[in-house]
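# Per-entry structural report
Listed below, chain by chain, are the residues.
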Amino acid sequence: MRRHRDWRRRCGAATLTVAGACALLGSASCAAQNGSVVVQPGAPGEPTKTLPADTHGTLPPIAAADVAFMQGMIMHHSQAVEMTDLIPSHTENQEVRAIGAKIASSQADEIRMMQRWLKARGQATSMAMPGMPDMDMNGKPMTPMPGMLTPEQMAALKAARGAEFDRLFLTGMIQHHGGALVMVKDLFDTAGAGQDAEIFEFVTDVDNGQRAEIKIMQKMLEEMH
Amino acid sequence: MGTLGKQLPLAALTAIVLYAGAGLLGAQEQKPAETPSAQSGSDQEQPKAGENKKTPAEEEEEFAPKPAPPLPPGMTGADVNDPRAKLKPGIYDAGETAMGMKHVAFVKKPDAFQLNASSPDDPVVQKTVRMLGVGNPAKMPKAMQTVIAQLAFANSDFAFQGNHLFQGNFYGMSIYDISNPAKINLLTTMVCPGGQGDVSVYKNLMFMSVEMPNGRVDCGVQGFPPEPPPAPGHEKERRLPTPQKDRFRGVRIFDISDIKNPKQVAAVQTCRGSHTHTLVEDPNDKDNVYIYVSGTSFVRQSEELEGCSNAAPDKDPNTALFRIEVIKVPVAHPEEAKVVSSPRVFIDPRTGALNGLNNGGSHDKGEEKPADTNQCHDITVYSAIGLAAGACSGNGILLDIKDPVNPKRVDAVNDPNYSYWHSASFSNDGTKVVYTDEWGGGLGARCRANDPNKWGADAIFSLKDNKLSLASYYKLPAAQGDTENCVAHNGSLVPVPGRDIEVQAWYQGGVSVMDFTDPAHPFEIAYFDRGPIDDKMLVLGGDWSAYWYNGTIYGSEIARGVDVFELTPTKFLTQNEIDAAKTVHVNELNVQDQQKLEWPAKLVVAKAYLDQLARSQALSAKQLGDLQKAIKSAERSHLKGKSAAKLSTMANGLDRSGAKTPGDAARLEALAEILKHPVA
């Protein structure tokens, strides 16, 4: 209690010392905020400003590159899910099944997250022209995202079984993940992109997580030889 | 100190209010008013590429999580019958359950860290939601409407000093008065975006990590404008970001002499920014403190910060990858703080390759191959034993830090079950290290019934002669829902003498208190959990950190605010053990700068040891009874006269033959020492 009164007193004193929120907004808001202040420091050496007690957050801008990244990554991730879907019928290798389960789980989650992110911003979740999955919005052939398996590679994977499947799956997924790292790098090399907290954390995590998975798969490949 | 990275429905919300579309807003505002039911159809966005109109129920369904894939063979999942598995959802009214802990206080996060519309009934929200055409607002999940937990305003890590708690936030930080933990009270909200806002305190200085591209030297909230669209015909050309001299990524230093008016005194820029940082005190130099900077994000261009390079190490020996940075801070002149070294902690000492850590698989020492562990996520230093444990994406490493400016790697481990080495803590005696695996980056639901209990778990290592060896895994035993982001996250030791106990945050998995005295058999001794923020879609939330500070446990709730807990006695932990833990007092707590715990020779500490010896049956019932009686009588007489002498006699006559483990032998030893020289 003593402590509490103490703060009330300091809050009142703020009217004299700092141009505090309490000073600007009167004792009612002071009490409502329990005597707390909202401040914003300046650059090093500059004074700290006091902001109104009812200050609320605002968000940094979003770049077109952010939207394109999310749309492209959905397409990219979808292929990874397509690849992991083959595992149950194509291999008995426990390690491949385990890493496949891990990848499937992450990529499926992330696809949802990206779809939500785009929807909430009123953006299309696909880059493709409606009804024309191989065409972009301008009617030009869709350029595949970096690292995506070619139709020939996908066909070979689907046709393989057992050890051959394991090898193609691991090399294919390493290639695929490597492409995601390129996409992340490209995003951060683009002006104004990646300032939104969600996209920043998401892509940073894609980068970290896929790097780790690449390493695990490389090791598995080595051990197969 | 976490990697957040996935699964952000709240993103949705944010957007609804702010961005969604300037374009949409303009276009749709001109429409004549319609009834809400009609609107739910006609306000659907103009059909976008490849999408069909959806009813609100379908929209909701669309955001619903997919069930977890089946357990991989040979793996064990989580317990679906635990009371934590099914709790009522809600942001502020979720169901709660606890064992061995009491939830004594909660405060909501400050208004400055929320967007300006917090109620689903707020006309601003209703109007925006409708204009967005996401569906009928009345039928939308509350979580979608209320813009509750945006990552841009997420709470992050804690630091403590005296009666003050410092809570980081992606948008700044806040300071609370905790002189009465049950009446925790907000003092200061400091606006200064840049994420993740990891904080440390040392005397009158506060340090804060910034990594995101919207961070500004002047703490401005506006970020940097996106570039205008490219000229026609130049769409495919690569345009590099404009160098911004006002951008800040690195470690900010504030003077907090006036707790209500923190002043920025320095801002030390680094190439990758600072995802986390670790305060390092040099026992031999009180004039300076050091900051180890862990950067996990992209390397910016040299045009923005001179010398920054993200080239491969064989192409550029000065690459900003494969290193940490050390900032030296003169305590009396913090404005002179600067980077004084960039230790190559992943170097191969034989070849000199900067990327020398072997990768990928298990703990074997097969053929080693240069790999790409190129960053640490978090480092915990334990200066008292001259070591640091680094959690470095693909590896757990051990550093010798006797020369704090030049840490040297002495061991490294990896683990096939690990996705992302995230953080570390030592046992007080330095014989164990608990690492965490932040599988999924912290925003995924990773504690579902089918998620393996070795993935996204703690890995407990024994540490002997600077060598780490895996002893076991510990994961939150209770199954959590599909809409609860959950994985191992930040924790601290609970100073119960004679045992190794850690309290740990598991995001929406809540708080779990674990005993790892026997590193091969960790077990849970207390927990707190509340239901998901929403049960239809994953809304980011939960505890980022849960730390013990001077007798109280504090939880940093990402979306909701601050939680305050007390431990309560159970069969796993006695009141004496709790009281003994409360005898340890520190003036500052920066969890990643681990301090050696020491217990006063108080009788309550002796009673805690006695309870433990009773539990393991290392003393006979008669011996226990006699000792308890003697201690009681000494307490009654305030350690005066004969009663103290009696304790000393009993200490000398203590039968140590019952100790079957080194732990019990040590407890008996410590008990005897207290009984010989007890203090009031």
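Here the structure is a predicted model, which is why all the values come from computation and not from measurement.

## Looking at the overall build of chain B
Helix and strand counts for chain B come out as 11 helices and 30 strands. A separation threshold of at least 6 residues defines the contact pool for chain B, and within that pool the share at least 24 residues apart is 64%.

## What about the overall build of chain A?
When helices and strands are counted, chain A shows eight helices and four strands. When the helices and strands of chain A are read in sequence order from the N terminus, they spell out α-α-β-β-α-α-α-β-β-α-α-α. When each of the 225 residues of chain A is scored for burial, the buried share is 55%. Counted over contacts in chain A with a minimum sequence separation of 6, partners at least 24 positions apart contribute 71%. For chain A, the accessible surface area stands at approximately 9000 Å², while carbon and sulfur atoms represent 58% of it.

## Some thoughts on the pattern of salt bridges
Residues and elements named next belong to chain B. Tallied over the entire structure, the rule returns 33 salt bridges over all chains. The salt bridge partner of E96 is R530, with a shortest N-O separation of 3.8 Å. Taken together, the positions of E96 in strand β1 (residues 96-99) and R530 in strand β26 (residues 523-530) put the pair 434 residues apart, joining distant regions of the chain.

## Topic: the packing of helix α3 (residues 64-85) of chain A against helix α8 (residues 197-224) of chain A
Residue and element names in this part refer to chain A. Where α3 contacts α8, the axes come no closer than 12 Å and their chain directions differ by 35°. In the packing of α3 onto α8, the handedness of the crossing is left-handed. Residues D66, F69, M70, M73 and H77 of α3 form the contact with α8, whose participating residues are I199, F202, V203, V206 and Q210. When the residues that make up the contact of α3 with α8 are grouped by side-chain class, the tally is seven nonpolar, two polar and one charged.

## Re the sheet that holds strand β15 (residues 378-382) of chain B
Residues and elements named next belong to chain B. Here we have four strands laid out as an open sheet, ordered β15-β16-β17-β18, and antiparallel in their pairing. What marks the edges here is a single partner per strand, and that holds for β15 and β18 (408-413). Taking the axes of each pair of neighbouring strands and ignoring which way they run, one obtains an average angle of 20° across the sheet. Sheet topology places strand β16 (residues 387-392) next to strand β17 (residues 395-400); six bridges connect them, and they run antiparallel. When the sheet's bridge partners are listed, A391 is paired in β17 with G396.

## Focus: unusual backbone geometry
Residue and element names in this part refer to chain B. Residue Q196 is reached from G195 by a cis peptide bond, and omega for that bond is -10°. Here Q196 shows up in strand β7 (residues 196-202). One non-glycine residue with positive phi stands out, namely K203, at about 50°. Within the secondary structure, K203 is located in the loop between β7 and β8 (205-210). In this structure, N466 is a non-glycine residue whose phi angle is positive, near 60°.

## What to know about the nonpolar core
All names here are of chain A. Counting residues in each nonpolar core, the largest one holds 51 residues, and the members touching the most others are F69, M70, M114, F202 and V203. Broken down by secondary-structure element, the contributors of at least two residues to this core are α3, α5 (94-120), α7 (162-188) and α8. With residues up to four places along the chain from it excluded, the contact list for M114 reads M70, M73, I74, H77 and F202.

## Some words on the sheet that holds strand β11 (residues 276-282) of chain B
Residues and elements named next belong to chain B. On the basis of which strands lie adjacent, the open sheet formed by four strands has the order β11-β12-β13-β14 and antiparallel pairing. Each having just a single partner strand, β11 and β14 (338-341) make up the two edges of the open sheet. Mean inter-strand twist for the sheet, computed between neighbouring axes without regard to direction, equals 35°. As paired strands, strand β13 (residues 325-330) and β14 are joined by three bridges and run antiparallel to one another. Across the sheet, residue I327 finds its bridge partner in β14, namely V339.

## Some words on the state of the cysteines
All names here are of chain B. A full pass over the atoms with the stated rule returns four disulfides over all chains. The disulfide partner of C192 is C219, and the S-S distance across this bridge is 2.2 Å. On the sign convention where negative is left-handed, the bridge of C192 and C219, at about -65° about the S-S bond, is left-handed. Taken together, the residues span a long stretch of sequence, with C192 in the loop between β6 (185-191) and β7 and C219 in the loop between β8 and β9 (250-255) at a distance of 27 residues. A residue is classified by how much of its surface remains accessible, and C192, at 1% relative accessible area, is buried. The residue that forms a disulfide with C376 is C392, at a sulfur-sulfur distance of 2.1 Å. Between C376 and C392, the disulfide has an S-S torsion of 75° and is therefore right-handed. In this pair, C376 sits in the loop between β14 and β15 while C392 sits in strand β16, placing the two residues 16 residues apart along the sequence. Accessibility assignment for this pair places C376 and C392 in one class, buried. Once the bonded cysteines of chain B are numbered in order along the sequence, the disulfide links fall as 1-2, 3-4, 5-6, 7-8.

## Brief notes about the environment of V293 of chain B
Residues and elements named next belong to chain B. Relative to the elements of secondary structure, V293 occurs in strand β12 (residues 285-294). Residues V293 and T270 lie 23 residues apart in sequence; the distance between their C-alpha atoms is 8.6 Å. If we skip the residues at most four places from it in the chain, V293 touches V251, T270, G273, S274, T276, I324, E325 and I327.

## Some thoughts on the confidence of the model for chain B
Residues and elements named next belong to chain B. Of the residues in chain B, 83% have a pLDDT of 70 or more, and the chain-wide mean is 85. In the model, residues 128-149 has pLDDT below 50 throughout and makes 73 contacts with residues more than four positions away in sequence or in other chains. Note that pLDDT drops below 50 for residues 359-370; the model gives that stretch 33 contacts with residues more than four away or on any other chain. Quick note on the complex model: pTM equals 0.85, ipTM equals 0.84.

## Concerning the pairing of strand β19 (residues 421-426) of chain B
Residues and elements named next belong to chain B. Within β19, six of the six residues are buried, which leaves the element mostly enclosed by the surrounding structure. As defined by bridge partners, β19 adjoins strand β20 (residues 432-437) across five bridges and the pair is classed as antiparallel. By the bridge assignment, A424 is partnered in β20 with Y435.

## Some thoughts on helix α10 (residues 642-652) of chain B
All names here are of chain B. Considered for burial, the residues of α10 that qualify are S643, L647, M650 and A651. Axial view of α10: buried residues confined to an arc of 105°, hence all on one face. Opposite the buried face of α10, by more than 90 degrees, sit the exposed residues K642, T649 and N652. Its buried side turned inward, α10 meets α8 (603-615), α9 (621-636) and α11 (662-676).

Cut-off values and rules
Residues numbered from 1 in each chain as written. Chains lettered and ligands numbered in written order. Predicted model: local features only at pLDDT ≥ 70, side-chain atom pairs only at ≥ 80, totals over all residues. Heavy atoms only, no water. Helix = DSSP H or I, 4+ residues; strand = E, 2+ residues; numbered from the N terminus. Contact = heavy atoms within 4.5 Å. Buried < 20%, exposed > 50% of the residue type's maximum accessible area, 1.4 Å probe, protein only. Areas by Shrake-Rupley, 256 points an atom, 1.4 Å probe, with all protein chains shown as cover. Salt bridge = Lys/Arg side-chain N within 4 Å of Asp/Glu carboxyl O. Axes fitted to C-alpha atoms, helices over the stretch in contact; angles between N-to-C directions. Left-handed = near helix turned anticlockwise from the far one by under 90°. Nonpolar A, V, L, I, M, F, W, Y, C, P; charged D, E, K, R; others polar. Pairing = 2+ DSSP bridges. Core = buried A, V, L, I, M, F, W, Y, C linked by side-chain atoms within 4.5 Å. Disulfide = S-S within 2.5 Å. pLDDT = per-residue confidence, 0-100. Arc of directions from axis to C-beta.

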